[in-house]
Amino acid sequence: IVDAIFAAVNGASSNNYEPNYMKSFIGVKLDSKPCNFFIVTPQKKATTLGIKVPQTQEFDKTIEAISKSGVKYANGWYSISLTSTEGLNALLPILLQAEKQFLKK
C-alpha cells in the first residue's frame, strides 16, 4: 500500500517524493528533506494514511467512501484506514492539495 501511495503521488506530481522511514511511521522526503504533507503508519490489518489539509465536506465525502473507519479529522490531519489500494485514485486530489499547501510554506 505504501509503495502504491508513493507511486500515485509521484505520477501525479511534478516532484519525486521518497519514503522517510521513522520508528512509528513513514514520512515523506523531497531532496533529502522532510516534506510530511502525508504520513503512513503500517499496521497488522490496515494501513493508516494521514493527510494534512483543511477539512472540507468534499474531502469528507471522498474519505467516507474509502476509509474502513469513516472520517476522522483532528489537529489538521485526516486519518484514513486502508486495507488495500482500492480507492487510492480518489484520494489523489486530496494528496495533491496537501502537497500544494505544504509547498507554499
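Now for a quick tour of the structure. Bear in mind that the values here come from a model prediction, so they are computed numbers and not experimental data.

The rules behind these values
- Per-chain numbering applies: the sequence of each chain, read as written, is numbered from 1 onward.
- Reporting in this predicted model follows two pLDDT cut-offs: at least 70 for local features of residues, and 80 or more for side-chain atom pairs to be given and counted; totals over whole chains, interfaces and linings ignore these cut-offs and use all residues.
- Here the side-chain values reflect all heavy atoms present in the structure, with hydrogen atoms and water set aside.
- Secondary structure elements are taken from DSSP: a helix is a run of H or I of four residues or more, a strand is a run of E of two residues or more, and numbering for both begins at the N terminus.
- Whether a residue is buried, partly exposed or exposed follows from its accessible area with a 1.4 Å probe, protein chains only, as a fraction of its type maximum: under 20%, in between, or over 50%, in that order.
- Distance and chemistry together define a polar contact, namely a pair of N or O atoms within 3.5 Å, with one atom able to donate a hydrogen and the other to accept it when in protein, and with adjacent residues in sequence counting only for side-chain atoms on both sides.
- In this description, contact between two residues means that some pair of their heavy atoms is separated by no more than 4.5 Å.
- Interaxial angle, 0 to 180 degrees, is taken between N-to-C directions of lines fitted to C-alpha atoms, where a helix line uses only the stretch in contact.
- Geometric relationships in this document are graded by angle, where less than 35 degrees denotes roughly parallel, more than 145 denotes roughly antiparallel, 65 to 115 denotes roughly perpendicular, and other angles denote oblique.
- Take the far helix as your reference; a near helix turned counterclockwise from it by less than a right angle gives a left-handed crossing, and one turned clockwise gives a right-handed crossing.
- All residues other than Ala, Val, Leu, Ile, Met, Phe, Trp, Tyr, Cys, Pro, Asp, Glu, Lys and Arg, Gly among them, are scored as polar; the first ten of these are nonpolar and the last four charged.
- The directions considered for the arc run from the helix axis to the C-beta atoms.

### Here's the deal with the side chain of S13
For step 1, the next point in the chain: Inspection of the secondary structure puts S13 in the loop between helix 1 (2–12) and strand 1 (18–21).
For step 2, the next point in the chain: Among the residues examined, S13 registers a relative accessible area of 13% and is labelled buried.
For step 3, the next point in the chain: Polar contacts involving the side chain of S13 include one to the side chain of E99, which spans 2.5 Å.
For step 4, the next point in the chain: Not counting residues within four places of it along the chain, the set of residues in contact with S13 comprises L96 and E99.

### Some points on the packing of helix 2 (residues 57–66) against helix 3 (residues 88–104)
What describes two packed helices is the angle between their axes and the distance between those same axes.
For step 1, the next point in the chain: One way to put it is that helix 2 packs onto helix 3 with a least axis distance of 9 Å and a crossing angle of 135 degrees. With respect to helix 3, the element helix 2 is oriented oblique. The two elements helix 2 and helix 3 meet at a crossing, and its hand is left-handed. Contacts between helix 2 and helix 3 pair F59, T62, I63 and I66 from the former with A90, L91, I94 and Q97 from the latter.
For step 2, the next point in the chain: Residue classes in the contact of helix 2 with helix 3 are distributed as six nonpolar, two polar and no charged.

### Remarks on the packing of helix 1 against helix 3
For step 1, the next point in the chain: One way to put it is that helix 1 packs onto helix 3 with a least axis distance of 10 Å and a crossing angle of 60 degrees. If you check the angle between helix 1 and helix 3, you find them oblique. As for how helix 1 packs across helix 3, the hand of that crossing is right-handed. The residues of helix 3 that touch helix 1, namely those facing A4, I5, A8, V9 and A12, are L88, L92, L95 and L96.
For step 2, the next point in the chain: Residues belonging to the contact of helix 1 with helix 3 are distributed by class as follows: nine nonpolar, no polar and no charged.

### Thoughts on helix 1
Each full turn of the α-helix corresponds to 3.6 residues, which orients residues three or four apart in the same direction.
For step 1, the next point in the chain: Turning to helix 1, its buried residues are V2, I5, F6, A8 and V9. Down the axis of helix 1, the sector holding all buried residues measures 160 degrees, keeping them to one side. With respect to the buried face of helix 1, the exposed residues turned more than 90 degrees away are D3 and G11.
For step 2, the next point in the chain: In this structure, the buried residues of helix 1 make contact with strand 1, strand 2 (26–30), strand 4 (38–42), strand 5 (47–52), strand 7 (77–82) and helix 3.

### Description of the side chain of S81
For step 1, the next point in the chain: Along the chain, S81 falls in strand 7.
For step 2, the next point in the chain: The contact partners of S81, leaving out residues within four places of it in the chain, are A46, T47, I66, S67, K68 and S69.

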